[in-house]
Amino acid sequence: AIVMAGAVLNVILKVQNGAFYDQPMVNIGWTIARDVVNIFYMIFLLIIAIATILGISSYGMKQLLWKLVLSALLVNFSLPLGAVIIDASNALGNSFYTNMGTLDAATGERDLAKTFTKGFQPQKAFQSPSDSNVLPHGTLTTLFNLSIAYILGMGLMLVASFTMLAAAFLLVIRIVVLWLVLILSPFAFLFMVLPRTSSMASKWFETLFNQSFFYPAYMFLLYIVFKAIDPHCTLP
């Protein structure tokens, strides 16, 4: 189970590292969203003009015109700006990933499962330090202790397998969510202009940072586990 989980996680990690480079669906969706947003800028400008005439200070020209101009400039760079944040988070996560597990020379991938398997060998706790014989506590006691050790070891490996499979599933969700975030990025910069829509822009930025930095956060915690299993794995 842990070998399968490690293989699945490796595949998802490989996919997610290349999932944000020149994706046709993202580029087409972003272009359509940007064109729609450019129409809304005229509507927002009309709202600001009417609010200025009516004397509504929170929507007045002085308060919002500079935001409108800045937003109109930045909206054309919303896709690369979002991609830079995602790339930075991926690079940070990869800095941990590339220093964990065993490097497979044939595929160039890290074998995370092998390190877990090597680390979860609880039967060693009942071996003599001088040889490979079990400690002489009596046959029944020794068998009982070894049985408990193996059960605990299997439990730990199942937990590790579940953790890696859950991470793989969440990383797949991360890819899909970040694709949608990038496609809708023009609307985030548009919604920054008006007070009533600024909360939606804040939600977009929150989703972008939360999903982007989930990967390095998970890899950091996983690196701590690998460091406990194999003290020789170190960051560059």
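Remember, predicted model here, so these are calculated numbers, not experimental data.

Each value, and the rule that gives it
- Counting from 1, residues in each chain are numbered in the order their sequence is written.
- Given that this is a predicted model, residues contribute local features only at a pLDDT of at least 70 and side-chain atom pairs are listed and counted only at 80 or more, while totals for whole chains, interfaces and linings are drawn from all residues.
- The basis for every side-chain value is the complete set of heavy atoms in the structure, and neither hydrogens nor water enter the calculation.
- Each helix is a run of H or I in the DSSP string that is no shorter than four residues. Each strand is a run of E no shorter than two, and both are numbered from the N terminus.
- Burial classes: relative accessible area under 20% of the type maximum marks a residue as buried, over 50% as exposed, and values in between as partly exposed (1.4 Å probe, protein chains only).
- Note on contacts: a residue pair qualifies if any of its non-hydrogen atoms lie within 4.5 Å across the two residues.
- For the accessible areas, the method is Shrake-Rupley and the probe is 1.4 Å, while residue cover comes only from the protein chains on display.
- Nonpolar core, defined: a set of buried Ala, Val, Leu, Ile, Met, Phe, Trp, Tyr and Cys residues in which side-chain atoms within 4.5 Å join the residues together.
- What pLDDT conveys is the predictor's confidence in a given residue, as a value from 0 to 100.
- Lines are fitted to the C-alpha atoms to define the axes, a helix being fitted only along its stretch in contact, and any angle between axes, read from their N-to-C directions, falls within 0 to 180 degrees.
- Under this scheme an angle from 65 to 115 degrees is roughly perpendicular, one under 35 degrees roughly parallel, and one over 145 degrees roughly antiparallel; angles in between are oblique.
- Amino acids outside the nonpolar list (Ala, Val, Leu, Ile, Met, Phe, Trp, Tyr, Cys, Pro) and the charged list (Asp, Glu, Lys, Arg) are all regarded as polar, and Gly is one of them.
- For Phe, Tyr and Trp, where Trp contributes only its six-membered ring, two rings pair if their centres lie within 6.5 Å, and the inter-plane angle classes them as stacked under 30 degrees, edge-to-face over 60, or tilted in between.
- Patches here are clusters of residues that have more than 30% relative accessible area and form no salt bridge, with a 9 Å joining cutoff for like charges and a 5 Å cutoff for nonpolar side chains (Val, Leu, Ile, Met, Phe, Trp, Tyr).
- The term salt bridge refers to a pairing of a side-chain nitrogen on Lys or Arg with a carboxyl oxygen on Asp or Glu at a separation within 4 Å.
- In this analysis, the expected span of each helix is defined as 1.5 Å times one less than the number of residues it contains.
- Polar contacts, as counted here, are pairs of nitrogen or oxygen atoms within 3.5 Å of one another; within protein the pair requires one atom able to donate a hydrogen and one able to accept it, and residues that are adjacent in sequence qualify only if both atoms are side-chain atoms.

A few points about the overall build of the protein
- Helix and strand counts for the protein come out as 9 helices and 2 strands.
- Counting from the amino terminus, helix and strand elements in the protein follow one another as α-α-α-α-β-β-α-α-α-α-α.
- Every one of the 236 residues in the protein was classed for burial, and the buried ones make up 36%.
- Partitioning the contacts of the protein with sequence separation of at least 6, the portion at a separation of at least 24 is 75%.
- Of the accessible surface of the protein, which amounts to about 13400 Å², a share of 74% is contributed by carbon and sulfur atoms.

Notes on the nonpolar core
- Grouped together as the largest cluster of nonpolar side chains are 29 residues, with contacts concentrated most on Phe20 and Leu194.
- For this core, the secondary structure elements donating two or more residues are α2 (24–54), α3 (61–74), α4 (78–97), α6 (139–183), α7 (185–191) and α8 (198–212).
- Looking at this core element by element, the count peaks at 8 residues for α2.
- Every residue in contact with leucine 194, bar those within four places of it in the chain, is listed here: Phe44, Ile47, Ile48, Tyr59 and Leu64.
- The next biggest cluster of nonpolar side chains, apart from the first, holds 21 residues, and it includes Ile2, Ala5, Leu13 and Tyr215.

A look at the confidence of the model for the protein
- Within the protein, residue pLDDT values average 80, and 75% of them lie at 70 or more.
- Averaged over each element, pLDDT in the protein is lowest for helix α5 (residues 112–119) (66) and highest for α8 (94).
- Predicted confidence for residues 125–135 stays below pLDDT 50, and this span has 15 contacts to residues more than four positions away or in other chains.

Describing the packing of α2 against α3
- One can describe the packing of α2 onto α3 by two numbers: an axis separation of 10 Å at closest approach and a directional angle of 170 degrees. Our classification of the angle between α2 and α3 gives roughly antiparallel. Seen from α2, the contacting residues are Tyr41, Phe44, Leu45, Ile48, Ala49 and Thr52; seen from α3, they are Met61, Leu64, Leu65, Leu68, Ser71 and Ala72.
- Its residues placed into classes, the contact of α2 with α3 shows 10 nonpolar, 2 polar and no charged.

Brief notes about the packing of aromatic side chains
- All chains considered together, the criterion is met by 8 aromatic pairs.
- With centroids separated by 6.1 Å and ring planes inclined at 40 degrees, the aromatic side chains of phenylalanine 187 and phenylalanine 191 adopt a geometry described as tilted. Placement of the pair is phenylalanine 187 and phenylalanine 191 together in helix α7, with a separation of 4 residues, close to one helical turn.
- Ring geometry for tryptophan 204 versus phenylalanine 205: centroids 4.8 Å apart, planes at 90 degrees, classification edge-to-face.
- Each residue in the set Phe96, Phe220 and Tyr223 is aromatic and connected to the rest through ring pairs, giving one cluster.

Looking at a nonpolar patch on the surface
- Taken together, the side chains of Ile28, Ile32, Val36, Ile39, Phe40, Ile43 and Ile47 present a nonpolar region at the surface, about 600 Å² in accessible area.
- For isoleucine 47, a relative accessible area of 34% translates into the label partly exposed.

Examining α3
- Under the 1.5 Å per step criterion, the end-to-end length of α3 is 19 Å for 14 residues, consistent within 8% with the ideal 20 Å.
- The secondary structure elements touched by the buried residues of α3 are α2 and α7.

A few points about the pattern of salt bridges
- Scanning the model with the defined rule gives 1 salt bridge in all.
- A salt bridge links aspartate 35 to arginine 34; the nearest nitrogen and oxygen atoms lie 3.4 Å apart.

Notes on the packing of α8 against helix α9 (residues 214–229)
- Across the interface, α8 lies against α9 with an axial gap of 4 Å and an inter-helix angle of 30 degrees. Accordingly, the angle class assigned to the pair α8 and α9 is roughly parallel. Contacts from Asn210, Gln211 and Ser212 in α8 reach Phe214, Tyr215 and Pro216 in α9.
- Class assignment of the residues belonging to the contact of α8 with α9 gives a composition of 3 nonpolar, 3 polar and no charged.

Points about the environment of methionine 4
- Tracing the chain through its elements places methionine 4 in helix α1 (residues 2–17).
- A sequence separation of 161 residues divides methionine 4 from leucine 165, and the C-alpha atoms of the two residues are 8.9 Å apart.

Some remarks on the side chain of serine 89
- One can find serine 89 in helix α4.
- In this structure the side chain of serine 89 is engaged in a polar contact, spanning 2.7 Å, whose partner is the backbone oxygen of isoleucine 86.
- Each residue touching serine 89, except ones within four places of it in the same chain, is listed here: Arg174, Ser212, Phe213, Tyr215 and Pro216.

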